[in-house]
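Read off the chains here:
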Amino acid sequence: MEETPNPVSGATPERATIFAVANQKGGVGKTTTAVNLAACVAEAGYATLLVDIDPQANATVGLGLTKQEDPNVYDVLSGDVEIKAAIKASAIPNLSVLPSTPELAGANVELPRVAGSETILHDALEPLRDEYRFIIFDCPPSLGPLTVNAMVAADRVIVPVQTEYFALEGLADLLDTVGLIQRELNPRLSIAGLVLTMHDGRTRLAEDVEAEVRKHFPGLIFDAVIPRNVRVAEAPSFGVPVIHHDPHCAGSGAYFELAKEVALRG
Ligand SMILES: Nc1ncnc2c1ncn2[C@@H]1O[C@H](COP(=O)(O)OP(=O)(O)O)[C@@H](O)[C@H]1O
Ligand SMILES: [Mg+2]
């Protein structure tokens, strides 16, 4: 794809598209992808909201907030506060955060007890579609009630896939869940794409895994491949996305490329 000054120039000004970054495997790059994708589209000038729906609250902390923000996404799910009251500005222009907290783990038990709870975040976010262009969920490493809530609210699912042995494991279950939610609860939902993460181009294994994933899911893999890059890994300890930590490193370039594709694919 040719270079353009605006990293996501393909985006058109309209209502928000809601993305869920999901994979029930832990450590595959969900949080890193959600934070950096959000930062890239915000950098391009689009009003962006990152919704942290993982009790680990890593995205919240990675954007410079704490795990004790009050109110937070748990209060919204509990019906205790209006969503707007829980949204915080980040240090990055155009990027707001609906923060998480470890207490959110309780929702895994509480949500299933409440009839219709699957649509709480969908209902809360609908009125915000006119205020943001991109709303991005960082999902927890499970296909439980929190991920379901995100997928019911979302239009598109982005699936980070770590290029390692067993990369394909669990993807069938994930796609089944997306299909089920699409049939039962959210007909708009579709897969935006799979993004290969932590790719080590020097290893034969990474190349083999990439080839296998592309063969299994033709047309569904983003061209942008996120390299394994120490600047990406250390950025969260500074509470900033990698494009602010080191805008010129390979990881930043890859996330800008991904943001362009995401914006173009819609
Ligand atoms: N491209 C990358 N290069 C190096 N380290 C990475 C990269 N992407 C993620 N990591 C690191 O790998 C770990 C898992 O990533 P994370 O995004 O937290 O995964 P998940 O949210 O799926 O559990 C984190 O320590 C993160 O900093
Ligand atoms: Mg995570």
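The text that follows walks through the structure, step by step, so that each part is easy to find. Just so you know, the residues in each chain are numbered from 1, in the order the chain's sequence is written. Here the convention is simple: chains get letters from A, ligands get numbers from 1, in the order in which they are written. Restriction of local features to residues with pLDDT of at least 70 applies here, the model being predicted, together with a cutoff of 80 or more for giving and counting side-chain atom pairs; totals for whole chains, interfaces and linings are based on all residues. Processing note: side-chain calculations cover all non-hydrogen atoms of the structure and skip hydrogens and water entirely.

1. What to know about the packing of aromatic side chains
Each pair of aromatic rings taken from Phe, Tyr and Trp, with Trp reduced to its six-membered ring, is defined by centres within 6.5 Å and is described as stacked if the planes are under 30 degrees apart, edge-to-face if over 60, and tilted in the remaining cases. Summed over the entire model, instances satisfying the criterion amount to 3 aromatic pairs. Consider the rings of Phe19 and Phe134, whose centres lie 6.2 Å apart with planes at 25°: the pair is stacked. Of this pair, Phe19 sits in strand β1 (residues 17-21) while Phe134 sits in strand β5 (residues 134-138), placing them 115 residues apart in sequence. Classification of Phe134 by relative accessible area gives buried; the value is 3%. Here the aromatic rings of Tyr165 and Phe166 are separated by 4.7 Å at their centres, their planes lie at 50°, and the arrangement is tilted. For the residue pair Tyr165 and Phe166, the accessibility class agrees, reading exposed in each case. In this scheme, the term charge over a ring applies when either NZ of a lysine or CZ of an arginine sits within 6 Å of the ring centre and within 35 degrees of the ring normal. The lysine or arginine in question, Arg133, covers the ring of Phe134, its NZ or CZ lying 4.6 Å from the ring centre. Per the convention used, a helix needs a DSSP run of H or I reaching at least four residues, while a strand needs a run of E reaching at least two, with both numbered from the N terminus. Here the term buried applies to any residue with accessible area under 20% of the maximum for its type, exposed to any over 50%, and partly exposed to those in between, with areas from a 1.4 Å probe on protein chains only.

2. What to know about the packing of helix α1 (residues 30-43) against helix α12 (residues 250-265)
As a packed pair, α1 and α12 sit with axes 9 Å apart at the nearest point and diverge in direction by 75°. Taken as axis vectors, α1 and α12 run roughly perpendicular relative to one another. Where α1 approaches α12, its residues Thr32, Thr33, Asn36, Leu37, Cys40, Val41 and Glu43 are matched on the opposing element by Tyr255, Phe256, Leu258, Ala259 and Val262. Polar here means any residue outside two lists: the nonpolar Ala, Val, Leu, Ile, Met, Phe, Trp, Tyr, Cys and Pro, and the charged Asp, Glu, Lys and Arg; Gly therefore counts as polar. Among the residues making up the contact of α1 with α12, the classes are represented as 8 nonpolar, 3 polar and 1 charged. An axis is simply a line fitted to the C-alpha atoms; with a helix, the fit covers only the stretch in contact. Between two such axes, the angle follows the N-to-C directions and lies from 0 to 180 degrees. Comment on the angle field: the value is read as roughly parallel under 35 degrees, roughly antiparallel over 145, roughly perpendicular from 65 to 115, and oblique elsewhere. Pairs of residues are marked as contacts when any of their non-hydrogen atoms sit within 4.5 Å.

3. Digging into the site of ligand 1
Nearness of a residue to a molecule or strand requires only that one of the residue's heavy atoms be within 4 Å of it. The environment of ligand 1 is formed by 14 residues, the closest being Gly27, Lys30, Thr32, Pro227 and Asn229. At a separation of 2.9 Å, an oxygen atom of ligand 1 approaches a polar backbone atom of Thr31. Between ligand 1 and the protein, one listed contact pairs an oxygen atom with a side-chain N or O atom of Thr32 at 2.6 Å. Every accessible area reported is derived by Shrake-Rupley at a probe size of 1.4 Å, with residue values counting cover from the shown protein chains alone. Coverage of ligand 1 by the protein amounts to 79% of the 550 Å² it exposes when considered alone. Site definitions follow a grid-based scheme: protein atoms alone, a 1 Å grid, a 1.4 Å probe that fits but cannot get out for cavities, and for pockets an open set with protein on both sides within 12 Å along at least five of seven lines, plus lining residues having an atom within 4 Å of a point. Each molecule is assigned to a cavity or pocket provided more than half of its atoms lie within 2 Å of the corresponding grid points. If you map ligand 1 onto the pockets, it falls in the largest pocket. In terms of residue class, the shell around ligand 1 is built from 6 nonpolar, 6 polar and 2 charged. By the criterion applied in these results, polar contacts are pairs of N or O atoms within 3.5 Å in which, for protein atoms, one can donate a hydrogen and the other can accept it, and in which residues neighboring in sequence qualify only through two side-chain atoms.

4. What about the pattern of salt bridges?
Think of a salt bridge as a Lys or Arg side-chain nitrogen and an Asp or Glu carboxyl oxygen that are within 4 Å of each other. Evaluation of the coordinates by the stated rule reveals 13 salt bridges. Note that Glu126 is salt-bridged to Arg129, the shortest N-O span being 2.9 Å. Here Asp200 ties to Arg202 by a salt bridge, and the two come within 3.0 Å at their closest N and O atoms. Relative accessible area serves as the criterion here: at 76%, Arg202 is assigned to the exposed category. Three or more residues joined by partner-sharing salt bridges are found here, namely Glu126, Arg129, Asp155 and Arg188.

Any functional reading would require information that these geometric values do not contain.
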